[in-house]
Amino acid sequence: MKKNVLLLETVADEAFAILQKNVNVFAGYDEAGLSNVLNNEDIHAIITRGKGLINKPLIDACPHLQVVARCGVGLDNVDVAAATARKIMVINAPGSNAATIAEHTLGLMLMLIRNMYESVTQVKQNNWAWRNQYTGDELNGKTLGVLGMGNIGKRVARLGDAFGMEVVYWSKSTGDLPYKYLAMEDVLRQSDIVSLHLPFNGETDKIIGEKQLHLMKSGALLINTARGALIDHPALLQALNTGIIAGYAADVLPDEPPVESLGIVQHPRAIVTPHSGSLTAATYRQICLLTINNVVAALTGKQPDLNSIYNRDALQ
């Protein structure tokens, strides 16, 4: 008998076809749809992407739940502790977005340091003469400070090196890397551009605040493609307003879509994209296929990729 899977968000067509072939698929894209499914079906797996919450009440509402999964890397929207307490497998797609987020990070760096957004805007407004007041710089010869040397941080470091940047870094684990390791305070002091690639947890919540921002060079740029809550945004806005740092670029905010963060989004020295770094066609397909194939394996008595089982140690 086929198992029942609840989708909280859409997935790539190819991944959806795999689900339909192997399990019964039910959509809970809104509150009404979710309630209808929970009231009428026995759910064995729940799959989300970045918005649908797999929280304790939802987990508790599914007594026969075996798997919860996110088509992505971070598990901020999944209550891992609640699932693990029930011996429910938590599946994600580690490393699957490293290349695309690293590319996005370098794209933001280039847009910010070369003032590309304003350049394009002025030309579209038929103001070719804006080139006479253009100000911008380049990555070559600058010091890039990477905070967090996981899969994404390492790729950003390699790309920065390829652009002719001197790379320094701070991370909880150092490893054998061809870059200079420094205390976080020294990374902030020495870098022309600081790029955040840390996970969000109790230790990293607002890890960049007023004190850390004041350590940075007055002409420095800050890039965040990790998690919005890594930065104290009122302190960041103050730093931009007073020239403590020269610019900010991000793909993430603490509130999405922005309400409290509108001051950052609208700031003339800030560039913010709508958490779209992983939404390229190739990565979206890859993340969905990887996750769905592992969920189907778990539900059909096969072995999922062990690296995709986030809580595998706790389940043993």
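First things first, this report covers the structure right here in the doc.

## So, the nonpolar core
Ranked by internal contacts, the top residues of the largest apolar core, which has 28 residues, are Leu147, Ile208, Leu213, Leu222 and Leu236. Taken together, the elements giving at least two residues each to this core come down to β7 (166-170), α8 (184-190), β9 (193-196), α10 (233-242) and β11 (247-250). The element that contributes the greatest number of residues to this core is α10, accounting for 4 residues.

## Let's talk about the packing of helix α1 (residues 13-22) against helix α12 (residues 281-299)
Relative to each other, α1 and α12 sit at 15 degrees, their axes nearing to 8 Å. One way to sum up the angle between α1 and α12 is to call them roughly parallel. For α1 against α12, the interelement crossing comes out left-handed. Within the contact between the two elements, α1 uses Glu14, Ala15, Ile18, Leu19 and Asn22 and α12 uses Arg285, Cys288, Leu289, Ile292, Asn293 and Val296. Here the residues of the contact of α1 with α12 are counted per class, giving 7 nonpolar, 2 polar and 2 charged.

## What about the environment of isoleucine 113?
Looking at where isoleucine 113 falls in the secondary structure, it is placed in helix α5 (residues 98-113). Exposure remark for isoleucine 113: the relative accessible area of 11% places this residue in the buried category. In the structure, isoleucine 113 is positioned 38 residues away from leucine 75 in sequence and 32 Å away in space, judged by C-alpha atoms. Non-local contacts of isoleucine 113, meaning those with residues more than four positions away in its chain, are made with Gly136, Asp137, Glu138, Leu139, Lys142, Ile193 and Leu221.

## So, the pattern of salt bridges
Per the stated rule, a full pass over the model turns up 8 salt bridges. Here aspartate 186 and arginine 189 are joined by a salt bridge, their closest N and O atoms 3.0 Å apart. Linking aspartate 186 with arginine 189, this pair stays in helix α8, spanning 3 residues, or about one helical turn. Taking relative accessible area as the criterion, aspartate 186 reaches 29% and is therefore assigned partly exposed. Among the salt bridges present, the one from aspartate 192 reaches lysine 217, with a minimum N-O distance of 3.0 Å. One end of the pair, aspartate 192, is in the loop between α8 and β9; the other, lysine 217, is in the loop between α9 (210-215) and β10 (221-224), with 25 residues separating them in the sequence.

What counts and what doesn't
- Residues numbered from 1 in each chain as written.
- Predicted model: local features only at pLDDT ≥ 70, side-chain atom pairs only at ≥ 80, totals over all residues.
- Heavy atoms only, no water.
- Core = buried A, V, L, I, M, F, W, Y, C linked by side-chain atoms within 4.5 Å.
- Buried < 20%, exposed > 50% of the residue type's maximum accessible area, 1.4 Å probe, protein only.
- Helix = DSSP H or I, 4+ residues; strand = E, 2+ residues; numbered from the N terminus.
- Axes fitted to C-alpha atoms, helices over the stretch in contact; angles between N-to-C directions.
- Parallel < 35°, antiparallel > 145°, perpendicular 65-115°, else oblique.
- Left-handed = near helix turned anticlockwise from the far one by under 90°.
- Contact = heavy atoms within 4.5 Å.
- Nonpolar A, V, L, I, M, F, W, Y, C, P; charged D, E, K, R; others polar.
- Salt bridge = Lys/Arg side-chain N within 4 Å of Asp/Glu carboxyl O.

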